[in-house]
Amino acid sequence: MTRSYVWWQTGVIYQVYPWSFQDSNDDGIGDLPGILSRLDYLQSLGIDAIWLSPIFPSPMADFGYDISDYVAIDPRFGTLVDFDRLLDAAHQRGIKMLLDLVPNHTSDEHPWFLAARSSREHPQRDWYIWRDPAPDGGPPNNWDSYFGGPAWTFDPATGQYYLHLFDPKQPDLNWRNPKVCAAMLDVMRFWLNRGVDGFRVDVIWMLIKDAQLRDNPVNPDWKPGDPPWLRQIKLYNEDQPEVHDVIRAMRAVIDAYPDRAFIGEIYLPITKLVHYYGPNLDEVHMPFNFQLLLMQGWDARQTREAVDAYEAALPEGGWPNWVLGNHDRPRIASRVGLAQARVAQMLLLTLRGTPTCYYGDEIGMRDTPITQEQVKDPQGIRSPGYSRDPVRTPMQWDAGPNAGFSANTPWLPLATDYAARNVHRQDVDPISELTLFRRLIVLRRSISALTIGDYHSLDIANPAIFAYLRTDHDQRVLIVLNFSATTHELDLSTIGATGEALCSTHLDRSGTVDLAKLAMRADEGLIIHLIRASG
Ligand code: NOJ
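Treat the numbers as computed from the prediction; the structure is a model and nothing was measured.

Here we look at the overall build of the chain
Right, so step 1: Counting its regular elements, the chain contains 16 helices and 19 strands.
Right, so step 2: Oriented by its inertia axes, the alpha-carbon framework of the chain measures out at about 80 × 50 × 50 Å.
Right, so step 3: Among the 535 residues that make up the chain, the fraction classed as buried is 62%.
Right, so step 4: The contacts in the chain between residues at least 6 apart in sequence include a share of 67% that link residues at least 24 apart.
Right, so step 5: For the chain, the exposed area adds up to about 20,200 Å²; of that, 54% sits on carbon and sulfur atoms.
Right, so step 6: For the chain, the distance from the average position of its 49 positive side-chain charges to the average position of its 68 negative side-chain charges is 2 Å.

Written out as structure tokens, the structure reads:
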């Protein structure tokens, strides 16, 4: 039986961090016309959809994740006209556009919060989560903010605390209030009516909190120096049963429009994560799967276990996805080194399920050290050592001033290696990271076993190697990844006699390979088309 697939299943998603992609008006900050001017580049990558981190008016206490108007564009990034132009131009090139929906909290400068804060009696007071102080005058419960410090801030004018799971300038909305839900569904409709192709929804698993706001247990394994967000076990402020109802309400809005995607940002163990597909596949289309991003260390066995466990846990009909980088976590090339980052790209782009790539990873951008004085990220300010600025530095376009990102000093420092590591240079280099990225996407698109085929991991005695098959009808593709910096000769003759090398991470190999004596070089990944023995 031939199944049909929708674009967000067969496509590749590319995250653009608008602050850092391309500046068009020389203020040192990226913007929408800047992204428009780089659409040819995005198209040349072969990606299918762009996910834009928030572009809405914001005091920028959390770089756009603190929204003061959900239905407009921040002037730093442009206007609604610029937005429509960008959307239109992307669509003309066959590129979809996803927006970042941030429904858990607003800015403290959003009119809703200003109204709620104005008095205890205001009808919108209950749009946020207010509580009287504890008997000792302290916060109503022990919840920590993810950025460090308590999750409650006292409002002297009205004598109560408000809840903020992130920065004090990001008060949490009260999703138990149906008016909040209705207002946010209207926000979704506003952008869907404008033609956006869907949303990535920020911290969707946190929307509902325990009705009694009970204290979280303290994590017994936490020690000073560990990330602040791990200090408590988040029993009562995330992953509450009622959250699934609001997600279903959002999904109903998505389903009222043809062909839209609904992706949830959810950091949970796989067994819990998969519940967000919904019992009838009626919640998010894809709960982001962050396993590759969170893995401590980088080795073949652990990666295989992660992939196999995920494949096994997926509900019937639930479509998989993989994320290799985002604006919150260290970049892949810094985590595993440049050579293994190529292997990681091959993994991402040959696994079963939708890949999400982070801007700049395609040229091997690395985290840029930023001194504590230069830190802009609220997490880095509140929890020194945990700044996310290093992964958000400007895109490295060329060797010219400011890497071609801006005519002015960029808002965050540029990587010092930008003259050597940039798009312009890698574009014409037959063995660059960029060339590999494009090649992998071409293969993924042109070989149905890679686009939609099944996945089976292989038992390989060698602990440095992770190998798997992707199959569709009689098409079989073998992927062999060497996670080590040493060479290994493998005997894979049980899988077949010979195959045709389609792509090596070193970009220097083609032709027939003998599977009984497969020589894998250091840090090499290989995609092999298996040729069936005749007869
Ligand atoms: C998750 C986002 O990815 C992160 O950048 C942000 O700080 C928090 N949610 C709060 O919105």
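More follows now that the structure is in view.
Describing the packing of aromatic side chains
Right, so step 1: If you walk through the whole model with that rule in mind, you get 31 aromatic pairs.
Right, so step 2: Consider the rings of phenylalanine 63 and tryptophan 411, whose centres lie 5.2 Å apart with planes at 35 degrees: the pair is tilted. Taken together, the residues span a long stretch of sequence, with phenylalanine 63 in the loop between β2 (49-52) and α4 (80-92) and tryptophan 411 in the loop between α13 (378-382) and α14 (423-427) at a distance of 348 residues. Comparing phenylalanine 63 with tryptophan 411, the two get one shared label, buried.
Right, so step 3: By the ring-pair criterion, three or more aromatic residues cluster together here, those being Tyr14, Phe21, Tyr41, Tyr358, Tyr359 and Trp397.
Right, so step 4: The ring of tryptophan 130 is capped by arginine 125, whose NZ or CZ atom sits 3.6 Å from the centre of that ring.
Right, so step 5: When the ring centre of tryptophan 319 is taken as reference, the NZ or CZ atom of arginine 352 above it lies at 5.8 Å.

With respect to the site of the ligand
Right, so step 1: Around the ligand lies a shell of 13 residues, among which Asp62, His105, Asp202, His327 and Asp328 are the nearest.
Right, so step 2: The side chain of glutamate 265 places a nitrogen or oxygen atom 3.5 Å from an oxygen atom of the ligand.
Right, so step 3: In isolation the ligand offers 290 Å² of accessible surface; the protein chains occlude 98% of this area.
Right, so step 4: Residues belonging to the shell around the ligand are distributed by class as follows: 4 nonpolar, 2 polar and 7 charged.

A word on the environment of proline 241
Right, so step 1: One can find proline 241 in the loop between β7 (198-201) and α7 (243-255).
Right, so step 2: For proline 241, a relative accessible area of 63% corresponds to the exposed category.
Right, so step 3: Here the alpha-carbon distance between proline 241 and glutamine 426, two residues 185 residues apart in the chain, equals 48 Å.

Considering the environment of glutamine 212
Right, so step 1: With respect to the element layout, glutamine 212 can be found in the loop between β7 and α7.
Right, so step 2: Sequence-wise, glutamine 212 and tyrosine 236 are 24 residues apart; in three dimensions their C-alpha atoms are separated by 8.9 Å.

Focus: the sheet that holds strand β16 (residues 498-504)
Right, so step 1: Pairing within the open sheet is antiparallel, and its 6 strands lie in the order β12-β13-β14-β19-β16-β17. Both outer strands of the open sheet, β12 (454-457) and β17 (511-514), are each paired with one neighbouring strand and no more. This sheet shows a mean twist of 35 degrees between the axes of neighbouring strands, independent of strand direction.
Right, so step 2: With respect to the sheet, helix α12 (residues 338-350) is in contact with β13 (465-472), β14 (475-482), β16 and β19 (525-530), its orientation differing from that of β14 by roughly 155 degrees.
Right, so step 3: Across the face of the sheet, helix α15 (residues 433-446) comes into contact with β16 and β19 while running at roughly 135 degrees to β16.

So, the side chain of aspartate 48
Right, so step 1: Of note, aspartate 48 is situated in the loop between α3 (39-45) and β2.
Right, so step 2: Residue classification places aspartate 48 among the buried residues on the basis of a relative accessible area of 15%.
Right, so step 3: For aspartate 48, the side chain forms a polar contact with the main-chain nitrogen of valine 12, separated by 2.8 Å.
Right, so step 4: When neighbours within four sequence positions are excluded, aspartate 48 is seen to be in contact with Gly11, Val12, Gly94, Ile95, Lys96 and Arg445.

Observations concerning the pairing of β7
Right, so step 1: Here β7 shows a buried face lined by Gly198 and Arg200 and a second buried face lined by Phe199 and Val201.
Right, so step 2: In this fold, β7 hands off to α7, which returns the chain to strand β8 (residues 261-264); that crossover is right-handed.

Some remarks on the sheet that holds strand β5 (residues 152-155)
Right, so step 1: On the basis of which strands lie adjacent, the open sheet formed by 3 strands has the order β4-β6-β5 and antiparallel pairing. Two strands lie at the open edges of the sheet, namely β4 (130-131) and β5, each paired on one side alone.
Right, so step 2: Bridge count between β5 and strand β6 (residues 160-163): 4 bridges; the pairing is antiparallel. Its bridge partner being in β6, phenylalanine 154 is matched across the sheet by tyrosine 161.

Quick word on unusual backbone geometry
Right, so step 1: One non-glycine residue, valine 203, lies in the positive phi region at around 30 degrees.
Right, so step 2: Relative to the elements of secondary structure, valine 203 occurs in the loop between β7 and α7.
Right, so step 3: Non-glycine residue leucine 281 carries a positive phi angle of around 50 degrees.
Right, so step 4: On the basis of relative accessibility, which here comes to 32%, the residue leucine 281 falls in the partly exposed class.

Remarks on the packing of helix α6 (residues 178-194) against α7
Right, so step 1: Interaxial distance between α6 and α7 falls to 10 Å at its minimum, and their mutual angle equals 25 degrees. As the angle between them shows, α6 and α7 are arranged roughly parallel. Remark: the crossing between α6 and α7 carries right-handed chirality. Contacts between α6 and α7 pair Cys181, Leu185, Met188, Arg189 and Leu192 from the former with Ala249, Met250, Val253 and Ile254 from the latter.
Right, so step 2: Class assignment for the residues of the contact of α6 with α7 results in 8 nonpolar, no polar and 1 charged.

Thoughts on the domain arrangement of the chain
Many authors give the size of an interface as the accessible area that is lost as the parts come together.
Right, so step 1: In terms of domain boundaries, the chain breaks down into domain 1 (7-104 + 177-209 + 259-441) and domain 2 (454-532).
Right, so step 2: A straight line from the C-alpha centre of domain 1 to that of domain 2 covers 30 Å.
Right, so step 3: Three residues, Ala300, Arg304 and Met346, lead the burial of domain 1 against domain 2; their summed loss comes to 27% of the area buried on that side.
Right, so step 4: Where domain 1 touches domain 2, the interface holds 1 salt bridge.
Right, so step 5: Put simply, arginine 304 and aspartate 459 hold a salt bridge, and the shortest N to O gap is 2.8 Å.

The rules behind these values
Residues numbered from 1 in each chain as written. Predicted model: local features only at pLDDT ≥ 70, side-chain atom pairs only at ≥ 80, totals over all residues. Heavy atoms only, no water. Helix = DSSP H or I, 4+ residues; strand = E, 2+ residues; numbered from the N terminus. Buried < 20%, exposed > 50% of the residue type's maximum accessible area, 1.4 Å probe, protein only. Contact = heavy atoms within 4.5 Å. Areas by Shrake-Rupley, 256 points an atom, 1.4 Å probe, with all protein chains shown as cover. Lys, Arg positive; Asp, Glu negative; His and termini not counted. Charge placed at Lys NZ, Arg CZ, Asp CG, Glu CD. Phe/Tyr/Trp six-rings, centres within 6.5 Å; stacked < 30°, edge-to-face > 60°. Lys NZ or Arg CZ within 6 Å of the ring centre and 35° of its normal. Near = heavy atom within 4 Å. Polar contact = N/O pair within 3.5 Å; in protein donor to acceptor, adjacent residues only side chain to side chain. Nonpolar A, V, L, I, M, F, W, Y, C, P; charged D, E, K, R; others polar. Pairing = 2+ DSSP bridges. Axes fitted to C-alpha atoms, helices over the stretch in contact; angles between N-to-C directions. Right-handed = clockwise from strand over helix to strand, strands pointing away. Parallel < 35°, antiparallel > 145°, perpendicular 65-115°, else oblique. Left-handed = near helix turned anticlockwise from the far one by under 90°. Domains from an automatic or database assignment. Buried area = accessible area lost by both parts, 1.4 Å probe. Salt bridge = Lys/Arg side-chain N within 4 Å of Asp/Glu carboxyl O.

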